[in-house]
Amino acid sequence: GRHRGGGGGEPLSALVPGSHAFVKVLHEPFLRVSPAASDFCRAGGHPQLANEAPVLYAGEVEVDAEGVLLRWNNLSGTYKGEDEKCYQTGISTSGRGLDTAATRPRRVHDASP
């Protein structure tokens, strides 16, 4: 999987560990992900990432030191995407994530592995 944060398409392993804001913009095959890390449920900067482009979905992704996606959510301040539209992110909810086949993303409200 790829993300774009500040200009290039880098793998999630290029991110520092922590929670990162993301937006999925209409007609872009990648997520725009903030390089700044925060605590989970505290990442911000979604408006800057969107840069006034039409957003399909937004939230946070949390990665570990190897860039493995640990969990993600749809928290982005005032905008909250509907759960049933999370497929628009490209993040699988069936045990495969953006970075490797070993990634096991979980929704915040679903803490099961």
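Residues numbered from 1 in each chain as written. Predicted model: local features only at pLDDT ≥ 70, side-chain atom pairs only at ≥ 80, totals over all residues. Heavy atoms only, no water.

**Observations concerning the layout of surface pockets**
Where empty space is left can be seen by rolling a probe of water-molecule size over the atoms.
Part 1 of the reasoning: Considering only enclosed or pocket space, the largest pocket measures out at about 150 Å³ in volume.
Part 2 of the reasoning: Surrounding the largest pocket, Val 23, His 46, Pro 47, Ala 50, Val 55, Ala 58, Ser 76, Gly 77, Thr 78 and Tyr 79 form its lining.
Part 3 of the reasoning: Going through the elements one at a time, α1 (46-50) and β5 (55-63) are the ones with two or more residues in the lining of the largest pocket.
Part 4 of the reasoning: Of the residues that constitute the lining of the largest pocket, the class distribution is six nonpolar, four polar and no charged. (1 Å grid on protein atoms, 1.4 Å probe; cavity = no way out; pocket = protein on both sides within 12 Å on 5 of 7 lines; lining within 4 Å. Points joined across faces, edges and corners; volume = space filled by probe spheres on them. Helix = DSSP H or I, 4+ residues; strand = E, 2+ residues; numbered from the N terminus. Nonpolar A, V, L, I, M, F, W, Y, C, P; charged D, E, K, R; others polar.)

**Section: the nonpolar core**
Soluble globular proteins: nonpolar side chains tend toward being buried together.
Part 1 of the reasoning: In terms of nonpolar packing, the biggest core is built from eleven residues, these being Leu 15, Phe 22, Leu 31, Val 33, Tyr 57, Val 61, Val 63, Leu 69, Trp 72, Cys 86 and Ile 91.
Part 2 of the reasoning: If you list the elements that add at least two residues to this core, you get β4 (31-33), β5 and β6 (69-73).
Part 3 of the reasoning: Grouped together as the second largest cluster of nonpolar side chains are six residues, Ala 21, Val 23, Val 25 and Ala 58 included. (Core = buried A, V, L, I, M, F, W, Y, C linked by side-chain atoms within 4.5 Å. Buried < 20%, exposed > 50% of the residue type's maximum accessible area, 1.4 Å probe, protein only.)

**Here's the deal with the environment of Ala 43**
Part 1 of the reasoning: Note that Ala 43 resides in the loop between β4 and α1.
Part 2 of the reasoning: Between the C-alpha atom of Ala 43 and that of Ser 76, which follows or precedes it by 33 residues, the distance is 7.8 Å.
Part 3 of the reasoning: Aside from chain neighbours lying at most four places away, what touches Ala 43 is Ser 19, His 20, Ala 21, Ser 38 and Glu 60. (Contact = heavy atoms within 4.5 Å.)

**As for the pattern of salt bridges**
Part 1 of the reasoning: Evaluation of the coordinates by the stated rule reveals two salt bridges.
Part 2 of the reasoning: Residue Glu 28 is joined to Arg 32 by a salt bridge in which the shortest nitrogen-to-oxygen separation is 2.6 Å. Arg 32 carries the same exposure label as Glu 28, and that label is buried.
Part 3 of the reasoning: Between Arg 71 and Glu 62 there is a salt bridge, with its nearest N and O atoms 2.5 Å apart. (Salt bridge = Lys/Arg side-chain N within 4 Å of Asp/Glu carboxyl O.)

**Considering the pairing of β5**
Part 1 of the reasoning: Counting buried positions along β5 gives seven out of nine residues, so the element sits mostly inside the fold.
Part 2 of the reasoning: Note: strand β3 (residues 18-25) against β5, eight bridges, orientation antiparallel. Opposite Val 23, over in β5, you have Ala 58 as the bridge partner.
Part 3 of the reasoning: In the sheet, β5 pairs with β6 via four bridges, with the strands oriented antiparallel. (Pairing = 2+ DSSP bridges.)

**Brief notes about the confidence of the model for the chain**
Part 1 of the reasoning: Mean pLDDT over the chain: 74, with 69% of residues reaching 70 or higher.
Part 2 of the reasoning: Element-level pLDDT for the chain is lowest in strand β1 (residues 3-4), with a mean of 48, against a maximum mean of 93 in α1.
Part 3 of the reasoning: Note on residues 1-8: pLDDT is under 50 here. Beyond four places in sequence and across chains, it has 25 contacts.
Part 4 of the reasoning: This stretch, residues 95-113, has a pLDDT under 50; its non-local contacts, to residues over four places away or in other chains, come to 50 contacts. (pLDDT = per-residue confidence, 0-100.)

**Focus on the side chain of Asn 73**
Part 1 of the reasoning: Structurally, the position occupied by Asn 73 is in strand β6.
Part 2 of the reasoning: Given the relative accessible area of 2%, Asn 73 is considered buried.

**Let's talk about unusual backbone geometry**
Part 1 of the reasoning: You will see that Cys 41, though not glycine, has its phi angle at about 75°, which is positive.
Part 2 of the reasoning: With respect to the helices, strands and loops of the structure, Cys 41 is situated in the loop between β4 and α1.
Part 3 of the reasoning: One non-glycine residue with positive phi stands out, namely Glu 52, at about 70°.
Part 4 of the reasoning: With respect to the helices and strands, the residue Glu 52 is situated in the loop between α1 and β5.

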